[in-house]
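Notes for the structure review
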Amino acid sequence: MWWSSRSSVRPGRSRSARTPQCRRRGAARCGVASWRVHGRYARRLADAPVGGAPAVIELMVRRFKCLNPQCSAVTFAEQLEGLTSPHARYTPLLRTLLTSIAACLAGRPGARLAAALNIRVAKDKLLELLQGLPELPQTRVRVLGVDDFALRKGDSYATILVDLEERRPVDVLPGRDAEPLATWLRDHPEVEVICRDRAGAYAEGARTGAPQALQVADAWHLWRNLAEAVEKTVGAHHPCIRAALTPTPDIQEPPPAPLVTAELPEPEPGLVPPDGTLDVLGRPRRLVARTTERYEAVQQRLAEGKSLATIRRELRLDHSTVRRFARAQSLEELLVKATHRASILDPYKPYLHERWREGCHDVPSLHREIQEQGFTGDVQSVRRYFRPFKKPHSPLPKSPSTPPPQVRTLPKPRRVVRWIMSAPDRLSEANVAELKEIRTGCPHLDLTVRHVRDFAAMMRDHNAAALPDWMDRVMADDLPALHSLVNGFRRDLDAVTAAFATPWSSGQVEGHVTRAKLLKRMGFGRAHLPLLRKRILHSP
């Protein structure tokens, strides 16, 4: 239901106290006032919903004749300030509302939200409003954050620039090369601090475009680089971890052989090929039980006079499945089709059964033998076929007085890296004990733990003066992965030192990158850079 409000503007009763002037947005007009009415026409403007119902404003406006003979316009329409604009079909209130929806949700999602609010608008109109948004006014940026994000991963990227003091994005540049960043920085000579990751392109662009600015390497990226070096070190010394955490039994004289030998496990029974309804171990197959249950359920409902559609809804099966069970003459017909399926391994199964009974249980060897006979499948098909035949080996019985050995799980390298990179007070007592054993058994990992904790203390206390001494201590030890890290730090020493000396980081830039990726995915294929840039800069 449309709510409408009619209002007419007549001579002498104009809503504007001024005489209309020859003006028009986007065109050169003379601006001469005119009192000569050329005609009137009705305008319809869609307005924001009123009480949840759509609204439209209908008004009668006047068209005046321009009194300036030099003007290119013969006539012009009267515009009501705050309500109308040339060729507009929306009121300023509704236009602002739709533009906000477009900036937040873009095309299709925005159109669905507008429809829920009783506003009729097409998705293309929302995109047009979004693209028509003006550029943000240029402001002075003192502390700039720079990072990249993927438009299409592995193919195209973009660079986002964030004002770290105002906590908002200021621009989005194409690519992640040095030249676009350098060009932007030349237009903003007021930039004093640039926070970035350790990418060489951004370092070159900042050095070329803003030589006066202080470059700050992001602390999170420095910590991540250290973690990668620690992971390489732990991987190289994983045998030391295994030796440190594996208990070595005391060397004693072997006990005398017992007079009574322990009973050995029974030999594995001979392989019996399944008949289709049983598996290789003689157990009923789940497929047979399921087929039998469905067949009985369908036949029972058919006897009650129910239709196939009703049976499908009650059993929640596909219509073709219900029809197949209803048309079957017997259960055996369905079981034969379900269990006897042709396989490329079928011609070779008798030979495999014979070789298995002879004691050849090496699947790769069996696969090579049937390959010589013409089998074209891979070894996994043979391994899957013999998997049910293999039974776990039972250990020899031990004396009741002998306690079972305690099996200790060896931690994976990633877990050891997490123990090294975590603060000691955030680890459990068991993890602290295991890490202590590792440090005792491997001097290289002990030195790695010391260097990591010294690095964390420097970052926490912003102690940049201790960085050169820390790098010298690392280079003095036999830790190749950490040597590569230190060499990278020295190539970018000023930015790394500034990361310890200043409180600035790219933490909030990473947050804006996450929001940019969300806006890109909400674009539904319309996330090209010009449109995505508008959304990133204008969305709240």
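Look up: the structure comes first, before these words.
Predicted, not measured: the structure shown is a model, and the values here were computed from it.

1. Some words on the overall build of the protein chain
Of the regular secondary structure elements, the protein chain holds 22 helices and nine strands. Counting across all 540 residues of the protein chain, residues that qualify as buried make up 39%. On the protein chain, roughly 33,200 Å² of surface is accessible, and the fraction owed to carbon and sulfur atoms is 53%.

2. A short note on the pairing of strand 6 (residues 156–163)
When you tally the buried positions in strand 6, you get six out of eight residues, the bulk of the element. Sheet topology note: the strand 5 (residues 143–152)/strand 6 ladder contains eight bridges and is antiparallel. In the strand pairing of strand 6, V146 is matched with L161. Counting the residues between successive antiparallel strands, the hairpin from strand 5 to strand 6 contains three residues, one of them, G154, with a positive phi of roughly 80°.

3. Re the packing of helix 6 (residues 219–236) against helix 15 (residues 413–421)
Running from N to C, helix 6 and helix 15 cross one another at 130°; their axes reach a closest spacing of 9 Å. When the interaxial angle is binned, helix 6 and helix 15 end up oblique. The handedness of the crossing between helix 6 and helix 15 comes out as right-handed. Contact residues: helix 6 offers W223, L226, A227, V230, E231 and V234, while helix 15 offers P413, R414, V416, V417, I420 and M421. Looking at the contact of helix 6 with helix 15, its residues break down into 10 nonpolar, no polar and two charged.

4. Examining the pairing of strand 2 (residues 37–50)
Strand direction decides the pairing type here: strand 2 and strand 3 (residues 53–65), joined by 11 bridges, are antiparallel. When the bridges of strand 3 are listed, V50 appears paired with A53. The turn linking strand 2 back onto strand 3 is made up of two residues, and G51 within it adopts a positive phi angle of 65°.

5. Examining the sheet that holds strand 8 (residues 193–196)
The mixed open sheet is built from five strands, whose spatial order is 7-6-5-8-9. With partners counted over all chains shown, the strands left at the sheet margins are strand 7 (168–174) and strand 9 (214–217), one partner each. Neighbour-to-neighbour, the strand axes of the sheet open up by a mean angle of 25°, direction not taken into account. The pairing of strand 5 with strand 8 spans three bridges and is parallel. Within strand 8, the position partnered with G145 by the bridge is C195. Across the face of the sheet, helix 21 (residues 507–522) comes into contact with strand 5, strand 6 and strand 7 while running at roughly 30° to strand 5. Across the face of the sheet, helix 22 (residues 529–538) comes into contact with strand 5, strand 6 and strand 7 while running at roughly 170° to strand 7.

6. As for the nonpolar core
In terms of nonpolar packing, the biggest core is built from 56 residues, with F149 and W470 touching the most fellow members. A per-element tally of this core places helix 6 first, with six residues. When near neighbours in sequence (up to four residues on either side) are disregarded, F149 contacts Y157, A158, I160, V172, V513, A516, K517, L532 and I536. One finds A46, L98, A102 and L133 within the second-largest nonpolar core, a separate group that totals 16 residues.

7. A closer look at the packing of aromatic side chains
Aromatic ring pairs are defined here through the distance separating the ring centres and the angle between the ring planes. For the structure shown, the criterion picks out five aromatic pairs. An angle of 20° between the planes, with centres 6.2 Å apart, marks the rings of F455 and F489 as stacked. Of this pair, F455 sits in helix 17 (residues 443–461) while F489 sits in helix 19 (residues 480–491); the two residues are 34 residues apart in sequence, bridging distant segments of the chain. Residue classification places F455 among the buried residues on the basis of a relative accessible area of 0%. Residues F455 and F500 carry aromatic rings whose centres are separated by 5.4 Å and whose planes lie at 85° to one another, so their mutual orientation is edge-to-face. Of this pair, F455 sits in helix 17 while F500 sits in helix 20 (residues 493–501); the two residues are 45 residues apart in sequence, bridging distant segments of the chain. Every member of this aromatic cluster is reached through a ring pair, and the members are W223, F455, W470, F489 and F500.

8. As for helix 17
If you check helix 17, its first and last C-alpha atoms are 27 Å apart, about what 19 residues at 1.5 Å a residue would give, namely 27 Å. Buried residues of helix 17: L445, D446, T448, V449, H451, V452, F455 and M458, and no others.

9. Things to note about unusual backbone geometry
One non-glycine residue with positive phi stands out, namely R316, at about 55°. Topologically, R316 is positioned in the loop between helix 9 (308–315) and helix 10 (319–327). Positive phi is not limited to glycine here, since H462 has a value of about 55°. Structurally, H462 can be placed in the loop between helix 17 and helix 18 (467–476).

10. Regarding the side chain of D477
With respect to the element layout, D477 can be found in the loop between helix 18 and helix 19. The charged side chain of D477 is buried without a salt bridge, its nearest counter-charge being R473 at 7.0 Å. Side chain to side chain, D477 and H451 meet in a polar contact 2.6 Å long. Apart from residues no more than four positions distant in its own chain, D477 is found in contact with L447, H451 and H483.

11. Focus on the pattern of salt bridges
One pass over the full model with this rule turns up 25 salt bridges. Among the salt bridges present, the one from R533 reaches D171, with a minimum N-O distance of 3.0 Å. With R533 in helix 22 and D171 in strand 7, this residue pair connects regions lying 362 residues apart in the sequence. Judged by its relative accessible area of 17%, R533 is buried. Salt-bridge contacts for E231 lead to R414; the nearest nitrogen and oxygen are separated by 2.6 Å. Of this pair, E231 sits in helix 6 while R414 sits in helix 15, placing them 183 residues apart in sequence. Through salt bridges with shared partners, a single ionic network connects E135, D171, R533 and K534.

12. Some points on the environment of A201
Looking at the secondary structure, you find A201 in helix 5 (residues 200–209). On the accessibility criterion, A201 (30% relative accessible area) is partly exposed. The spatial distance from the C-alpha of A201 to the C-alpha of E179 is 8.6 Å, given a sequence separation of 22 residues. If we ignore the near neighbours within four places in the chain, the residues touching A201 are R176, D177 and A178.

Cut-offs and rules
- Residues numbered from 1 in each chain as written.
- Predicted model: local features only at pLDDT ≥ 70, side-chain atom pairs only at ≥ 80, totals over all residues.
- Heavy atoms only, no water.
- Helix = DSSP H or I, 4+ residues; strand = E, 2+ residues; numbered from the N terminus.
- Buried < 20%, exposed > 50% of the residue type's maximum accessible area, 1.4 Å probe, protein only.
- Areas by Shrake-Rupley, 256 points an atom, 1.4 Å probe, with all protein chains shown as cover.
- Pairing = 2+ DSSP bridges.
- Axes fitted to C-alpha atoms, helices over the stretch in contact; angles between N-to-C directions.
- Parallel < 35°, antiparallel > 145°, perpendicular 65-115°, else oblique.
- Left-handed = near helix turned anticlockwise from the far one by under 90°.
- Contact = heavy atoms within 4.5 Å.
- Nonpolar A, V, L, I, M, F, W, Y, C, P; charged D, E, K, R; others polar.
- Core = buried A, V, L, I, M, F, W, Y, C linked by side-chain atoms within 4.5 Å.
- Phe/Tyr/Trp six-rings, centres within 6.5 Å; stacked < 30°, edge-to-face > 60°.
- Expected span 1.5 Å × (residues − 1).
- Lys, Arg positive; Asp, Glu negative; His and termini not counted.
- Salt bridge = Lys/Arg side-chain N within 4 Å of Asp/Glu carboxyl O.
- Polar contact = N/O pair within 3.5 Å; in protein donor to acceptor, adjacent residues only side chain to side chain.

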